[in-house]
Amino acid sequence: MTRISEFARELIMKQIAFQQRRGEMGIVTIDSPPVNALGIGVRRALDTSIRQFKDDAAVKAIIVICGGRTFFAGADISEFGKEPESPLLSDVFNLIENAGKPVVAAVHGSALGGGMELALVCNYRVAVPSAKLGLPEVKLGLLPGAGGTQRLPRLVGPELALDLILSGRSIGANEALGLGIVDRIAREEALLDDAIDFVRSVLREDKPLARVRDRGDRTEPYKDRPEIFAAARAKAGKTARGFLAPENIIKAVEAAVTLPFDEGMTRERELFVELRESTQSAAQRYYFFAERQASKIPGLSADTPKLPIKRVGVIGAGTMGGGIAMNFLSAGIPVTLVEMTKEALDRGIGIIRSNYENSAKRGRLTTEQVNRYMALLTPSLDTDSLGDVDLVIEAVFERMDVKKSIFEKIDAVTKPGAVLATNTSFLDVNEIAAATRRPEFVVGLHFFSPANVMRLLEIVRGAKTSEQVMATVLGLSSTIKKVPVVSGVCYGFIANRIMNPRREQAEAVILEGTSPQDVDKALYDFGFPMGPFALMDLVGLDVVKRDEPYRTVKQDLLNAGRRGQKTKAGYYDYDDNRRASSSAVVAKIIADVAAERGIAQHAPLTQEELIGRLLYPVVNEGARILEEGIALRASDIDVACILGYAWPVFTGGPMFWADTVGLPTIVAELRKMAEQHGPGFEPANLLVQKAESGGRLTS
Ligand code: 3H9
């Protein structure tokens, strides 16, 4: 255990905690940027401050409040996996709960995880209207491990507690007031004053101290209702397939209903530790930081001036262009949408409107919002109308000659300093930039479909893209609520390039005797929402078709009119309810293609063999992407795969997963594949080096 000197402790304490007296009130203000996470420094500061006021007879009540932008955002996630240091969160919470005088949490910003748990340990909670409270531990593969699973059900009942803890969603202060989680709403700019007023009224009433742990009225009625837990399990089985945390959460909330408080706390602890030690939680915690790291570009300082983006032009009103436009409209940025024909333009605008209206029907938007967004949209049939925009995003079909002529044109009509972006998914951004007189203002903005929904945005940095343009588009990505991943220029960039081997291998193994169903099942069981064949059937084989110099199963299926679900036949047969079943026609096509191409069929690969065959080449491609400097770091590749291809987050993405499998195993398996199937499987140098030196791809 690391020990710090008394002097250092004093210093840390002084920087983090500020104590003041207002009459009989002892006020503890914690200010530990950025988010007041409950790391060791904050715990020590709280411990010392609370102890001091607890022992001071002149202090009749204690208020815990935070400085900076938020109340405590939870335990310090970077501390998990390290040796715990005293005082633990449970020590601090015991101190608060047994202070013998009212302790009040004054909440602004977000009270999340351990932060909300701290508020629940306090006798009362006062919050400003904009405050949010939530237990998002499930998103880190954890459960609320500082009493949240025991106290929240005692306040709001187990059904709502399960809903909140399993979803990890936050609720606003007013909703929390209605549920009895918050006791008083304070004025936005007068939290401390209003919290003091509230405590004074509590002291005047001189009632016994209210402690959530002593409540039983909301849990008692559920003692003989196991069906609510069965229902939660059934739902989690569907919405969180493969994740471990939901089951432990349900068990912990069950304990809140069936066990006395202290026994429930012991059970919560066991269930929490089990999750904390799991690979899944390590992966999800890694991912939490990976997502935040992705927007940080080495050498690009945070104060690089950004270009103002007040108006955007989008060229192409197809599915992609329309989706891209929606991101800006929803962020309040006006868009000029350009198409070649009036029909295509009208169709594109109609789709945007109906997308918004569908959201309104589901209660996610108001009609007023829909109208406001649509009013920001200017349709146009002429690129000359782009003279006043600050950014143009081209989203037309993938042909270099077409893109070049568009860029030449927009270079001529847009104002100097306007950023010109292409949404290409594989073409050379440098070649496109060379068609303009401002290559330093050209960048790739690769959205994923549906562009208004998918959170990933690959930012393709051309050889000449300026730092200012990079800073601008990185900033813009957070305005439109995307997670940016920076990629160098190469075919397919990061996400499409790294996942291509999975498709190639899936198509190869079915010719060698494994069925499309087995391939899809292996990947589904690994945690993907669906396998590649089911996905191609869903999207349409005509949409994903590619020209190959040899006979392919896909082309034969298309020739037989099997375009996927829309024709009730693709790699699978479909009934009227879109239920899939295997197809003798497909099996025959596969056998014919294999015979013609001289590919010998053998016994189907096992699930384990399939995962190696389909996903080790993905890891290998990731290592090449790193070696070539296309990705800045391994974790960026993981973010791209998780957000772009629904790679299961509980494995951490291909790079983190490879580290958990063991790089020597992957290198050895790739070498075996290279012997059997050709040199394309040879492990990348970086992979070999790391495997031999005991290193990891991720840090
Ligand atoms: C827990 O509490 C377990 C307990 O039940 C039991 C324990 C026994 N720790 O997101 P941002 C960093 S588990 C460490 O960009 P925003 C973050 O990495 C915890 N660091 O800002 C970033 O660093 P950098 C349960 C944290 O304004 C910086 O703060 N709590 C933590 O968009 C700014 O973050 C959660 O899961 C943390 N807990 O959003 C809440 N939180 O600048 C997690 C943030 O170097 N946090 N950082 O990149 C959040 O959801 C958001 O950060 C928050 C602010 C909404 C608070």
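Quick note: structure is the one above.
Residues numbered from 1 in each chain as written. Predicted model: local features only at pLDDT ≥ 70, side-chain atom pairs only at ≥ 80, totals over all residues. Heavy atoms only, no water.

Engineer: Account for the overall build of the chain, naming residues and giving values.
Structural biologist: Regarding its fold elements, the chain presents 29 helices and 19 strands. Its C-alpha radius of gyration of 29 Å places the chain within 12% of the 27 Å reference for a compact globule of 699 residues. Taken along its principal axes, the extent of the C-alpha atoms in the chain is 90 × 60 × 55 Å. Taking all 699 residues of the chain together, 54% fall into the buried category. On the chain, roughly 30,400 Å² of surface is accessible, and the fraction owed to carbon and sulfur atoms is 53%. Seen as two clouds, the 86 positive and the 88 negative side-chain charges of the chain have centres 3 Å apart. (Helix = DSSP H or I, 4+ residues; strand = E, 2+ residues; numbered from the N terminus. Rg over C-alpha atoms; globule rule 2.2 N^0.38 Å. Buried < 20%, exposed > 50% of the residue type's maximum accessible area, 1.4 Å probe, protein only. Areas by Shrake-Rupley, 256 points an atom, 1.4 Å probe, with all protein chains shown as cover. Lys, Arg positive; Asp, Glu negative; His and termini not counted. Charge placed at Lys NZ, Arg CZ, Asp CG, Glu CD.)

Engineer: Account for the site of the ligand, with residues named and values stated.
Structural biologist: Taken together, the neighbourhood of the ligand is formed by 26 residues, with Arg 69, Glu 117, Glu 137, Arg 292 and Lys 296 sitting nearest. Interatomic distance of 2.8 Å between a backbone N/O atom of Ala 75 and an oxygen atom of the ligand. Contact between the ligand and Glu 117: an oxygen atom at 2.7 Å from a side-chain N or O atom of the residue. For the ligand, whose unbound accessible area comes to 1,000 Å², protein coverage reaches 72%. Breaking the shell around the ligand down by element, the ones donating at least two residues are α4 (114-121) and α12 (279-293). Looking at which element gives the most residues to the shell around the ligand, the answer is α12, with three residues. Here the residues of the shell around the ligand are counted per class, giving 16 nonpolar, four polar and six charged. (Near = heavy atom within 4 Å. Polar contact = N/O pair within 3.5 Å; in protein donor to acceptor, adjacent residues only side chain to side chain. Nonpolar A, V, L, I, M, F, W, Y, C, P; charged D, E, K, R; others polar.)

Engineer: Now, about helix α14 (residues 342-361): what can you tell me, with residues and values included?
Structural biologist: Over its 20 residues, α14 extends 28 Å from the first C-alpha to the last, a length consistent with the 28 Å expected when each residue adds 1.5 Å. Ala 344, Leu 345, Gly 348, Ile 349, Ile 352, Tyr 356 and Ser 359 are the residues of α14 that are buried. Down the axis of α14, the buried set is contained in an arc of 135°. They therefore lie on one face. Pointing more than 90 degrees away from the buried face of α14 are the exposed residues Glu 343, Arg 347 and Lys 361. Buried positions along α14 lie against α13 (319-330), β11 (335-338), α15 (367-375) and β12 (377-380). In the stretch just after α14, Gly 363 is the one whose phi turns positive, near 80°. (Expected span 1.5 Å × (residues − 1). Arc of directions from axis to C-beta. Contact = heavy atoms within 4.5 Å.)

Engineer: I'd like a rundown of the sheet that holds strand β9 (residues 184-185), residues and numbers included.
Structural biologist: Read across the sheet, six strands follow the order β1-β2-β3-β4-β6-β9 without closing on themselves; strand pairing throughout is mixed. With one partner strand each, in any of the chains shown, β1 (17-22) and β9 form the two edges of the open sheet. Two strands pair when backbone bridges link them, and strand β4 (residues 103-107) and strand β6 (residues 124-127) are joined in this way by four bridges, in the parallel orientation. Residue pairing across strands places Val 107 opposite Ala 127, the latter belonging to β6. (Pairing = 2+ DSSP bridges.)

Engineer: Which residues make up the state of the cysteines, and what are the values?
Structural biologist: All told, the structure shown has zero disulfides when counted by the stated rule. Here Cys 66 is not disulfide-linked; the sulfur of Cys 122 is the nearest cysteine sulfur, at 10 Å. Note on Cys 122: relative accessible area 1%, which makes it buried. (Disulfide = S-S within 2.5 Å.)

Engineer: Could you give an account of the pairing of β6, naming the residues involved and the relevant values?
Structural biologist: The side chains of a regular strand alternate between both faces of the sheet. With burial as the criterion, each face of β6 is covered, one bearing Tyr 124 and Val 126 and the other bearing Arg 125 and Ala 127. Of the strand pairs in this sheet, β6 and β9 are connected by two bridges, and their pairing is parallel. Paired with Val 126 across the strands is Arg 184, a residue of β9.

Engineer: Outline the packing of helix α25 (residues 607-627) against helix α29 (residues 685-693), supporting the account with residue identities and numerical values.
Structural biologist: The N-to-C vectors of α25 and α29 enclose an angle of 100°; their axes lie 7 Å apart at closest approach. It follows that α25 is roughly perpendicular to α29 by the angle criterion. Across the interface between the two elements, Val 619, Asn 620, Ala 623, Leu 626 and Glu 627 of α25 pack against Asn 685, Leu 686 and Leu 687 of α29. (Axes fitted to C-alpha atoms, helices over the stretch in contact; angles between N-to-C directions. Parallel < 35°, antiparallel > 145°, perpendicular 65-115°, else oblique.)

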